[in-house]
Amino acid sequence: MSFDLEDLRRTAPLLLLSAAGLVLLLLEAFSRVRLIGRHYHKKLPPETSEAYAVPLAGSRTYLMPLTVLFLAAALGLVVWLWPEAAEPHYLYRRMLVLDRFGLLLSGVCITAAAIGALGAPAYLREQRMEFGEYYALLLLSLAGMVMLVSAADLVSLLLGVETMSLGAYVLTGSWRRSPRSSEAAMKYFLMGAFVSAILLYGIALIYGSTGTTELAEVRAHLSEMRSAPVFYLGMFFLLAGLAFKIAAVPFHMWAPDVYEGAPTPVTGFMMAAVKTAAFGGLIRLCVGGLTSGRVPEVSTGPTGWVNVLFVLSALSMTLGNLAALRQENIKRLLAYSSIAHAGYLLVGVVALGVVGDAARAPLIYYLLGYAVTVVGAMAVVAALAMGPGQERLPIEQWAGLGQRHPAMALAMTLFLLSLGGFPPTAGFFGKFYLFRAALQNPSLLLLVLLAIVNSLVSVYYYLRIVTAMYFRTPQEEEVEGHVPAAQGALRLAVLLAALLVLGLGVWPGWAATVAEAAKLAG
Amino acid sequence: MLPLSYFNYYLALGAVLFAIGAVGVIARRNALIALMSVELMLNAANLTLVVFARAQHDMRGQAVAFLTIAVAAAEAAVGLAIVVGVFRNRRSTQLDDLTMMKH
């Protein structure tokens, strides 16, 4: 077991993303800017500093295509490694593992980020917050996600979470002149840092009780841990840390504010990619480290992780949906819907512990479907912004969009139907496969029933937006409003997401086959 | 696996520091104090890691502590930048003032 050049080749997507992030950072640092005064943005608070740097008009248009190119290359590397990953390979002294599960989830995150990046420049220009670090941070955060979903050790899990989150904190606060954006970043950062400390303390406790941080080794030591309180405390700390990252109740307090305050493309990126990667980490931890056929107490016992996640799942979907019913702001509504979806996805993780490997493919399919759906929905919200600082957020403002922006309204309808679980969309088959897999064990019947009732409730608030778009007349003063600057790339992003949502729904077979092949190591 | 000896005092110290830090984040209303409390929590976890490593005659815990120091430094840098961003927008670092978005 020593350092091996093969390891570098097998982590090519991770290395490419990190290098690309640094390249974009340098490009940004050496590009020319212009210093301008406060008049540039009328909504500026009076006490804000007098001048700031903005890029020369049209000087950075190459950044977005370059980013998408890097992301496509990373996706190509993922596909290139796919045949090799049929058998798991442990890398860097068993810190990371190359297997198809990690590769597929990396692919999902990269795809979601690419769709989000396509739509970003039009929005950033419209909101007068064009800045090149956006793409660098996106790529570096993605590198953290790739590390997280291929972690074979608690330490690489922590480093992945941190790399991913540090990028996300900065992206959240990147609209520097918006008090909302910096408020969201402050809340996200403080709670995130608090939770990282809890995560690290959990790792320390697990290390202290088992003598190792490697997930496979932790599993080998489980039989000595049947009733070790320190070990269970460590496990709960780790679960709490990851539950925060997936925004499961009761660790969700940050999510509505952060998702509302962050720039819209960043919100889409966080809802899709950060959530997918955090679920990847959670599955690695629970299945790779804390499930052993010989020691069922740790997973399915009264204080096992299955019970913990069972409660989190039931709470998340119920409270998320109930809160979403009352929302008038579309970003906040989708934030609570994202909490509810974390609950549905947790049904899948619970099923992984109870039913076993049969729940893995449905869970991956659901993650893929959810990621492309929310990225698309956020791209539509970004496309319909009505000028600097004026996004179309209250649902009343969506009235009559069916006539005025038929294509965008149609796409949004598709995404909302997918979130609500209507056929023939990705969301329907995701829920169908997931609940069917969970029902293989009758003890999950109650949870699945609760999930189905919740899905029915959620239809109400998704359809509320659809009816607003098609069956309500727009308010008078809005008719002569600003024409949204939905440009080619942003339209392309919405189109791509819509095609993926429809494609996954109409031909679910191919994605299900790929998800089936995405085996977990160990 | 743990030799129950004087190591327990260090572990207790780590737990107490961690708890103090956690209370600090939850109870103090100034962003900078909260940031310092987070650092205290991270260092309490570090202490715990190092003590466990020493008790088990294993270097891994100490190596992890080094990585954590790097993580904590990165976190402090980002955190301070965010505090500056908030301060520029509202001339205050009190967390109670962050009420623009309703709960």
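What counts and how
Residues take numbers from 1 onward in each chain, read along the sequence in its written order. By the order in which they are written, chains take letters starting at A while ligands take numbers starting at 1. Two thresholds apply to this predicted model, a pLDDT of at least 70 for residue-level local features and 80 or more for giving and counting side-chain atom pairs, whereas whole-chain, interface and lining totals are computed over all residues. Each side-chain value is derived from all of the structure's non-hydrogen atoms; neither hydrogens nor water enter the calculation. For helices the rule is a DSSP run of H or I covering at least 4 residues; for strands it is a run of E covering at least 2, with both sets numbered from the N terminus onward. It is over C-alpha atoms that the radius of gyration is taken, and the globule rule equals 2.2 Å times the number of residues to the power 0.38. Throughout, exposure labels follow a simple rule: accessible area from a 1.4 Å probe, protein chains only, divided by the maximum for the residue type, with under 20% read as buried, over 50% as exposed, and the rest as partly exposed. Here, residues are in contact when the closest pair of their heavy atoms is within 4.5 Å. Only the protein chains shown count as cover for residues, and the accessible areas themselves come from Shrake-Rupley with a 1.4 Å probe. In this tally Asp and Glu are treated as negative and Lys and Arg as positive; neither His nor the chain ends contributes. We put the charge of a Lys on NZ, of an Arg on CZ, of an Asp on CG and of a Glu on CD. Given a helix with a known number of residues, its expected span is that number minus one, times 1.5 Å. Defined in terms of a 1.4 Å probe, buried area is the accessible area two parts forfeit on being brought together, summed over both. Salt bridge, as used here, is a side-chain nitrogen of Lys or Arg placed within 4 Å of a carboxyl oxygen of Asp or Glu. Comment: axis = line fitted to C-alpha atoms, over the contacting stretch for helices; angle = value between 0 and 180 degrees taken between N-to-C directions. Any angle that is under 35 degrees is reported as roughly parallel, and any over 145 degrees as roughly antiparallel; angles of 65 to 115 degrees are reported as roughly perpendicular and all others as oblique. Crossing handedness: left-handed means the near helix sits turned counterclockwise from the far one by under a right angle, and right-handed means the same turn made clockwise. When residues are sorted by character, Ala, Val, Leu, Ile, Met, Phe, Trp, Tyr, Cys and Pro go into the nonpolar class, Asp, Glu, Lys and Arg into the charged class, and all the rest, Gly among them, into the polar class. Note that the bend at a residue is defined as the angle between axes fitted to the seven residues ending at it and the seven residues starting at it. What goes into a patch is any residue over 30% in relative accessible area without a salt bridge, connected to like charges within 9 Å or, for nonpolar side chains (Val, Leu, Ile, Met, Phe, Trp, Tyr), within 5 Å. In plain words, nonpolar cores are sets of buried Ala, Val, Leu, Ile, Met, Phe, Trp, Tyr and Cys residues tied together by side-chain atoms within 4.5 Å.

Enquirer: Can you walk me through the overall build of chain A in this structure?
Expert: Counting its secondary structure elements, chain A contains 21 helices and four strands. Against the 2.2 N^0.38 benchmark of 24 Å for 522 residues, chain A shows a C-alpha radius of gyration of 22 Å, consistent with a compact globule. On the principal axes, the C-alpha backbone points of chain A span a range of 70 × 50 × 45 Å. Evaluated residue by residue, chain A yields a buried proportion of 65% over its 522 residues. Partitioning the intrachain contacts of chain A with sequence separation of at least 6 by distance along the chain shows that 77% fall at a separation of at least 24. Accessible surface computed for chain A: about 17800 Å², of which carbon and sulfur atoms make up 68%. For chain A, the separation between the mean place of its 35 positive charges and that of its 30 negative charges on side chains is 3 Å.

Enquirer: Which parts of the structure should I look at to understand the overall build of chain B?
Expert: A count of helices and strands for chain B gives three helices and zero strands. Secondary structure elements of chain B occur, N-terminal to C-terminal, as α-α-α. By residue count, 44% of the 103 residues in chain B fall in the buried class. In chain B, the proportion of contacts linking residues at least 24 apart, taken out of those at least 6 apart, comes to 58%. As displayed, chain B has an accessible area near 5500 Å², and 69% of this comes from carbon and sulfur atoms. Positive and negative side-chain charges of chain B, numbering 8 and 5 respectively, have mean locations separated by a distance of 5 Å.

Enquirer: Can you walk me through helix α17 (residues 406-420) of chain A in this structure?
Expert: Residue pairs spaced three or four apart in an α-helix point in one direction, given the helix's 3.6 residues per turn. All names here are of chain A. The end-to-end C-alpha distance of α17, which contains 15 residues, comes to 21 Å, matching closely the 21 Å that a straight helix rising 1.5 Å per residue would cover. Counted residue by residue, α17 has 11 buried out of 15 residues, so it is predominantly covered. Positive phi appears at Gly 421, one or two residues downstream of α17, with a value of about 90°.

Enquirer: How do you make sense of the interface of chain A and chain B when you look at a structure like this?
Expert: For an interface, size is often stated in terms of accessible area lost upon the parts coming together. Of the residues lining the interface, 45 residues belong to chain A; the matching set on chain B comes to 48 residues. Surface buried jointly by chain A and chain B totals about 4000 Å² across both partners, of which 71% is contributed by carbon and sulfur atoms. When the area that chain A buries against chain B is broken down by residue, the three leading residues are Met 186, Tyr 201 and Tyr 207 of chain A, summing to 17%. Viewed at the interface, chain B and chain A are joined by three salt bridges.

Enquirer: How should I be thinking about unusual backbone geometry in this particular structure?
Expert: Glycine aside, the phi torsion of most residues is negative, and most peptide linkages are trans. Residue and element names in this part refer to chain A. With an omega of 5°, the peptide bond running from Val 249 to Pro 250 counts as cis. Secondary-structure assignment places Pro 250 in the loop between α9 (229-245) and α10 (254-261). At the junction of Pro 423 and Pro 424, the peptide bond is cis and its omega measures out at -5° in the coordinates. Not every positive phi belongs to a glycine, and Tyr 92 is a case in point at roughly 50°. In this structure Tyr 92 comes out as partly exposed when scored by relative accessible area, which is 22%.

Enquirer: Please clarify how the packing of helix α7 (residues 179-210) of chain A against helix α3 (residues 60-90) of chain B should be interpreted in this entry.
Expert: Two quantities define a packed helix pair, namely the angle between the helix axes and the distance between the axes. One way to put it is that α7 of chain A packs onto α3 of chain B with a least axis distance of 9 Å and a crossing angle of 165°. Judged by the angle between their axes, α7 of chain A and α3 of chain B are roughly antiparallel. The handedness of the crossing between α7 of chain A and α3 of chain B is left-handed. Of the residues in α3 of chain B, those in contact with Pro 179, Ser 182, Glu 183, Ala 185, Met 186, Phe 189, Ala 193, Ser 196, Leu 200 and Tyr 207 of chain A of α7 of chain A are Arg 60, Gly 61, Thr 68, Glu 75, Val 78, Gly 79, Ile 82, Val 83, Gly 85, Val 86, Asn 89 and Arg 90 of chain B. Broken down by class, the residue content of the contact of α7 of chain A with α3 of chain B amounts to 11 nonpolar, seven polar and four charged.

Enquirer: Explain helix α11 (residues 264-290) of chain A to me, please; I cannot follow it from the model alone.
Expert: Residue and element names in this part refer to chain A. Between its terminal C-alpha atoms α11 stretches 37 Å, which fits the 39 Å expected from 27 residues at 1.5 Å a residue. Of all the bends in α11, the largest measures some 30° and sits at Met 270. Across the 27 residues of α11, 27 count as buried, placing the element largely inside the fold.

Enquirer: Any chance you could explain a nonpolar patch on the surface here in plain terms?
Expert: Residue and element names in this part refer to chain A. A grouping of Leu 439, Leu 445, Leu 449, Ile 452 and Leu 456 is seen on the molecular surface, where their side chains present a nonpolar patch of about 450 Å² in accessible area. Tracing the backbone shows Leu 439 in the loop between α18 (426-438) and α19 (445-471). Exposure remark for Leu 439: the relative accessible area of 39% places this residue in the partly exposed category.

Enquirer: Quick question: what am I supposed to make of the nonpolar core here?
Expert: As a rule of thumb, soluble globular proteins bury nonpolar side chains together. Judged by nonpolar contacts, the single largest core of 225 residues is most densely connected at Phe 231, Leu 282, Leu 309 and Trp 398 of chain A. Here Leu 309 of chain A is in contact with Leu 239, Leu 282, Cys 286, Leu 346, Val 349 and Val 350 of chain A, once residues within four sequence places are set aside.

Enquirer: Help me understand the pattern of salt bridges in this model?
Expert: Proximity of charged atoms lets side chains of opposite charge pair with each other. All told, the structure shown has 19 salt bridges over all chains when counted by the stated rule. Here Lys 187 of chain A ties to Glu 183 of chain A by a salt bridge, and the two come within 3.1 Å at their closest N and O atoms. One end of the pair is Lys 187 of chain A and the other is Glu 183 of chain A, both in helix α7 and four residues apart, which spans about a single turn. Comparing Lys 187 of chain A with Glu 183 of chain A, the two get one shared label, buried. Across the pair Glu 297 of chain A and Arg 226 of chain A runs a salt bridge whose closest N-O atoms are separated by 2.8 Å. With Glu 297 of chain A in helix α12 (residues 296-300) and Arg 226 of chain A in the loop between α8 (215-220) and α9, this pair connects stretches of sequence that are 71 residues apart. Residue classification places Glu 297 of chain A among the partly exposed positions, given a relative accessible area of 29%. Connected through shared salt-bridge partners, Arg 180, Glu 183, Lys 187, Asp 257, Glu 260 and Arg 332 of chain A together with Arg 90 of chain B make up one network.

Note that all results are geometric; they support no functional claim without further evidence.
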